[in-house]
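# Structural overview
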Amino acid sequence: MAPDVLGTPTLHTDRLRLRPFEDSDAEALFALHSDAHVLRYWDSPPWTERARAQAFIERCRQLAQDGTGARWAVDRLEDGAFLGWCALTGWNSDFRSAGLGFCFTQAAWGQGHATETALAVLQWAYSALDLNRVQAEADTRNAACARVLEKVGFVQEGTLRQDCIVDGDVSDSWVFGLIRSDWEASAGVANYLQ
C-alpha cells in the first residue's frame, strides 16, 4: 500500500546526492534563482530579494509536512557543490498523479545531471507511491528541458498556448506525461538500473 504522503528521503546516484533543503542552502539557491539566463524560460522573473530563498526553503518543508510534495537540493558527490533542485509536487493519491520539475545552475548544464536526477526521483516515486502518472511542463523554447524529459520516458502530449506572461513576454508550454506502464517498459528504467 502506498503512503498518503511523500516525505523527502535522501537519494543517491553515482554522482549526485538528493537531499532535503537546509537553511544553509539559501545563498546558493538565491544565486540560482537570481540568474536571468537560468530563468529565461521560467514561469516567473529572476529573484531580486534574498528573502525569497528562505521562503522557498520554508515552502519545501511545508510541502513535506502537508504530504503534497517533495523538493530535493541536488549536490555533486565529489565536492558537495550545489547544482540545483528537483521536485515532485501536486501528489494526489486519488488520481495517483504528481508533477515533476527541476532547475539547475549553468555550471551543471550539459553533463547529464538533470537526467540523472529525474531518473532517481522517478525511480523512487514509482517504487514508493502508487503512482499512475507524472506530468511535467516546459517552455516551448527550452529544447534542453524537453530532451531531458524525453530521455527519461516522458511523452509530449500537447501545448498550452500563451499560458505564461513574464515581464510582458508571452510564451507557450509543452505538456509531457509519463504513465506507469511506459515507465516500467522504458529504457529510462533500464538505464537507471545499470
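Structure: see above.
Anyway, here's the lowdown on the structure attached to this text. Nothing here was measured: the structure is a model prediction, and the numbers come from that model. (Residues numbered from 1 in each chain as written. Predicted model: local features only at pLDDT ≥ 70, side-chain atom pairs only at ≥ 80, totals over all residues. Heavy atoms only, no water.)

## Details of the overall build of the protein
Quick reminder of the rule: Going along the chain from the N terminus, every DSSP run of H or I of four or more residues is numbered as a helix, and every run of E of two or more is numbered as a strand. C-alpha atoms define the radius of gyration, and 2.2 Å times the number of residues to the power 0.38 defines the globule rule. Each residue gets one of three labels from its accessible area relative to the maximum for its type: buried under 20%, exposed over 50%, partly exposed in between, using a 1.4 Å probe on protein chains only. By definition, residues are in contact when any of their heavy atoms lie within 4.5 Å. Computed with the Shrake-Rupley method and a 1.4 Å probe, the accessible areas treat only the protein chains shown as cover for residues. Charge convention: Lys and Arg are scored as positive, Asp and Glu as negative, and His as well as the terminal groups of each chain are ignored. One atom stands in for each charge, and that atom is NZ of Lys, CZ of Arg, CG of Asp or CD of Glu.
Assigned secondary structure in the protein consists of six helices and eight strands. Helices and strands appear in the protein in the N-to-C order β-β-α-α-β-β-β-α-β-α-β-β-α-α. The C-alpha radius of gyration of the protein comes to 16 Å, within 12% of the 16 Å expected for a compact globule of 194 residues. The principal-axis extents of the C-alpha atoms in the protein amount to approximately 45 × 35 × 35 Å. Looking at the protein as a whole, 45% of its 194 residues qualify as buried. Contacts spanning at least 24 positions in sequence make up 62% of the contacts within the protein whose residues lie at least 6 apart. When the accessible area of the protein is evaluated, it comes to approximately 9700 Å², of which 48% is carbon and sulfur surface. Between the centroid of the 17 positive side chains of the protein and the centroid of its 27 negative side chains there is a distance of 2 Å.

## Quick look at the environment of C60
Along the chain, C60 turns up in helix α2 (residues 51–66). C60 sits in the buried class, given a relative accessible area of 6%. It is 9.3 Å that separates the C-alpha atoms of C60 and T8, two residues lying 52 residues apart in sequence. Contact partners of C60, with chain neighbours within four places excluded, come to F21 and R71.

## Observations concerning the nonpolar core
For clarity, the threshold we go by: Joining through side-chain atoms within 4.5 Å is the link that ties buried Ala, Val, Leu, Ile, Met, Phe, Trp, Tyr and Cys residues into a set, and such a set is a nonpolar core.
Counting residues in each nonpolar core, the largest one holds 39 residues, and the members touching the most others are L88, L100, F102, L149 and F154. If you tally residues by element for this core, the top one is helix α3 (residues 113–128), at nine residues.

## Structural notes on the pairing of strand β4 (residues 82–92)
Worth spelling out the cut-off: Paired strands are those between which DSSP finds at least two bridges.
In terms of residue burial, β4 counts as a mostly covered element, since eight of its eleven residues are buried. Both strand β3 (residues 69–76) and β4 contribute to a ladder of seven bridges, which runs antiparallel. Note that in β4 the partner of R71 across the bridge is A87. Here β3 hands over to β4 after five residues, with G80 in that stretch at a positive phi of 75°. Strand direction decides the pairing type here: β4 and strand β5 (residues 97–104), joined by seven bridges, are antiparallel. Across the sheet, the residue bridging to W85 is C103, located in β5. The turn linking β4 back onto β5 is made up of four residues, and R96 within it adopts a positive phi angle of 55°.

Treat this as a map of the structure, not an account of what it does.
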